[in-house]
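Here's the letter readout for the chains.
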Amino acid sequence: MPGTLELTNMDMKPGTTLKLKGRIASDASSRSFSLWSTVPLTCDPPPSFTINLGQDKNQLNLHFNPRFGESTIVCNSFSGGSWGPEQRDSNLCFSPGSEVKITVTFQKDEFKVTLPDGYQLTFPNRLGHDHVSYLGLDQLHLSSFKLD
């Protein structure tokens, strides 16, 4: 059964790379839309999975959210109860049920995400934190985790 994994007290500093390997849930559906909402969803959200990096689930430096129903990857930040402007990328090189290797390199001013096909996208470190202590995964069955 797909679910959520949260790791706290990580010590990810600029120059560190997070390597994740896992299988996207075959019925990957995003539940992240309802985490901060007081209004219940009345329909099923589109299929997706989520990788969150930040200080905690309420301060996300990077919200990485491939949305299969939209054929896009959405990156964002979350702080003070508000989402920032979305950054969208159309290089969706995986699908529900697939095995993936994704790396995230934390640099002082940005995050570099390398996808399974080698494509790399960047997202600014909008919150300006100099370390990341929280990792949250949803709809990704983790088989390997490494900080380099």
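All residue numbers here refer to positions counted from 1 along the written sequence of the relevant chain. Where local features are concerned, this predicted model is filtered to residues with pLDDT of at least 70; where side-chain atom pairs are given and counted, the filter is 80 or more; whole-chain, interface and lining totals use all residues. Computation of side-chain values: all heavy atoms of the structure, hydrogens and water removed.

### As for the overall build of the protein chain
Now for step 1: Put simply, DSSP marks the helices as runs of H or I at least four residues long and the strands as runs of E at least two long, and each gets a number from the N terminus on. Tallying secondary structure elements over the protein chain gives zero helices and twelve strands in all.
Now for step 2: Taken from the N to the C terminus, the helices and strands of the protein chain come in the order β-β-β-β-β-β-β-β-β-β-β-β.
Now for step 3: For the exposure calls, accessible area comes from a 1.4 Å probe over protein chains only, and a residue counts as buried if that area is under 20% of its type's maximum, exposed if over 50%, partly exposed in between. In the protein chain, which comprises 148 residues, the share counted as buried stands at 40%.
Now for step 4: Throughout, a contact is declared for two residues whenever any of their heavy atoms are within 4.5 Å. Considering only contacts within the protein chain whose residues lie at least 6 apart along the sequence, 60% involve residues at least 24 apart.

### Here we look at the packing of aromatic side chains
Now for step 1: Note on aromatic contacts: the rings of Phe and Tyr and the six-membered ring of Trp form a pair at centre separations within 6.5 Å, being stacked when their planes are under 30 degrees apart, edge-to-face when over 60 apart, and tilted otherwise. Going through the model one piece at a time under the given rule, you end up with six aromatic pairs.
Now for step 2: Taken together, a centroid distance of 6.3 Å and an interplanar angle of 65° make the contact between F49 and F64 edge-to-face. Of the two residues, F49 sits in the loop between β2 (16-24) and β3 (50-56) while F64 sits in strand β4 (residues 59-67), which places them 15 residues apart along the sequence.
Now for step 3: Of the residues examined, F64 reaches a relative accessible area of 2% and is grouped as buried.

### Notes on the sheet that holds strand β10 (residues 120-124)
Now for step 1: A pair of strands counts as paired when DSSP detects no fewer than two bridges linking them. Taken together, five strands build an open sheet; the order of strands is β10-β9-β8-β2-β12 and the sheet is antiparallel. Each end of this open sheet is capped by a strand with a single partner; those strands are β10 and β12 (140-147). Each strand of the sheet is rotated relative to its neighbour by a mean of 20°, with strand direction disregarded. Angles run from 0 to 180 degrees between N-to-C directions of axes, and those axes are lines fitted to C-alpha atoms, restricted for helices to the stretch in contact.

### Comments concerning the pairing of β10
Now for step 1: Burial along β10 is one-sided: the residues L121 and F123 are buried and none of Q120, T122 and P124 is.
Now for step 2: Bridge analysis of strand β9 (residues 110-114) against β10 gives five bridges, and the strand direction is antiparallel. The residue of β10 that forms the bridge with K112 is T122.

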